[in-house]
Amino acid sequence: MTNESPRRRFPTGDLARISVFAALIAVLGLPGALNVFGNAVPITLQTFGVMLAGAILGSWRAALAVAVLILLVAAGLPLLAGGRGGLGVFTGPSVGFLLGWLPGAALTGWIVERGGSNPGIVRLVVACLAGGVGVIYLFGIPVQAAVTGLPLAQAALLSLAFVPGDVAKAVLAAVVARGTQRAYPDAVPAVHSERVKAG
């Protein structure tokens, strides 16, 4: 009985989901990165994938998907926007935003999980904004300031350029997640967790 318990908590299907979303976030880096207003931190589509992972996978599975991607980047794979990869990424001005993806995805998923079997569009938008924007900025802006030597207020001001696009990504991620969950109820994190517990 004790040998079966870990399998129930971490079934093979979850490994596949985690891998798919890690790959999705990587693929969203293919269009490249855009630096605006002299900001050393680029605008990318990859945060959209982080939000979507949280909304569909739930907290810990989304965090694991992001962790897999970060480990692959650290191993040298060019999976970040602009073909970036390797340990040098972790000394750059965008490293705080990158590392913020992990708790950001987890918080997004946690908020969606609290919505039970039918998280509404408002909850999904709030979850994507809180985790995919708020948490990532909370990690990213102070680290950017520290790495670049900018005052914190100036780094925060530069990050305002990201806000419109990130809000749009949050809304889009919520709409895509809601549509996916209506068509495929197992894409609701709480529903999936209950099904896994039930065996």
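Being a predicted model, the structure only gives us computed values, none of them experimental.

Trainee: I tried to follow the overall build of the protein on my own but got confused; where do I start?
Mentor: In terms of helices and strands, the protein carries nine helices and zero strands. Starting at the N terminus and walking to the C terminus, you meet the elements of the protein as α-α-α-α-α-α-α-α-α. A buried classification covers 46% of the 199 residues belonging to the protein. Considering only intrachain contacts with a sequence separation of at least 6, the fraction spanning at least 24 residues in the protein is 69%. Surface exposure of the protein reaches about 9,300 Å², of which carbon and sulfur atoms provide 71%.

Trainee: Is there a simple way to explain the packing of helix H3 (residues 46–57) against helix H5 (residues 95–113) in this structure?
Mentor: Packed helices, taken two at a time, are described by the angle their axes make and the gap between the axes. Between H3 and H5, the least distance of the axes is 7 Å, while the angle of their chain directions is 35°. Between H3 and H5 lies a crossing of right-handed hand. Where H3 abuts H5, its residues Gln46, Thr47, Val50, Met51, Gly54 and Ala55 lie against Trp101, Ala105, Thr108, Gly109 and Val112. Split by residue class, the contact of H3 with H5 holds six nonpolar, five polar and no charged.

Trainee: It is not clear to me how helix H4 (residues 59–74) should be interpreted in this structure. Could you clarify?
Mentor: One turn of an α-helix holds 3.6 residues; hence residues three or four places apart share an orientation. Here H4 contains 16 residues, and its C-alpha end-to-end distance of 22 Å stays within 8% of the 22 Å for a straight helix at 1.5 Å per residue. Within the sequence span of H4, burial applies to Ser59, Arg61, Ala62, Ala63, Ala65, Val66, Ala67, Leu69, Ile70 and Val73. Packed against the buried residues of H4 are helix H2 (12–27), H3, H5 and helix H9 (189–198). Directly beyond the C-terminal end of H4, a positive phi value near 110° is found at Gly76.

Trainee: Could you clarify how one ought to interpret a nonpolar patch on the surface in this entry?
Mentor: A cluster of nonpolar side chains, namely Ile121, Val122, Val126, Leu129, Val167, Val171 and Val175, defines an oily patch on the protein surface of about 520 Å² accessible area. At the level of secondary structure, the elements contributing two or more residues to the nonpolar patch comprise helix H6 (121–148) and helix H8 (163–183). Broken down by element, the residue count for the nonpolar patch peaks at four residues, all from H6.

Cut-offs used in this document
- Residues numbered from 1 in each chain as written.
- Predicted model: local features only at pLDDT ≥ 70, side-chain atom pairs only at ≥ 80, totals over all residues.
- Heavy atoms only, no water.
- Helix = DSSP H or I, 4+ residues; strand = E, 2+ residues; numbered from the N terminus.
- Buried < 20%, exposed > 50% of the residue type's maximum accessible area, 1.4 Å probe, protein only.
- Contact = heavy atoms within 4.5 Å.
- Areas by Shrake-Rupley, 256 points an atom, 1.4 Å probe, with all protein chains shown as cover.
- Axes fitted to C-alpha atoms, helices over the stretch in contact; angles between N-to-C directions.
- Left-handed = near helix turned anticlockwise from the far one by under 90°.
- Nonpolar A, V, L, I, M, F, W, Y, C, P; charged D, E, K, R; others polar.
- Expected span 1.5 Å × (residues − 1).
- Patch = residues over 30% accessible without salt bridge, like charges linked within 9 Å, V, L, I, M, F, W, Y side chains within 5 Å.
- Salt bridge = Lys/Arg side-chain N within 4 Å of Asp/Glu carboxyl O.

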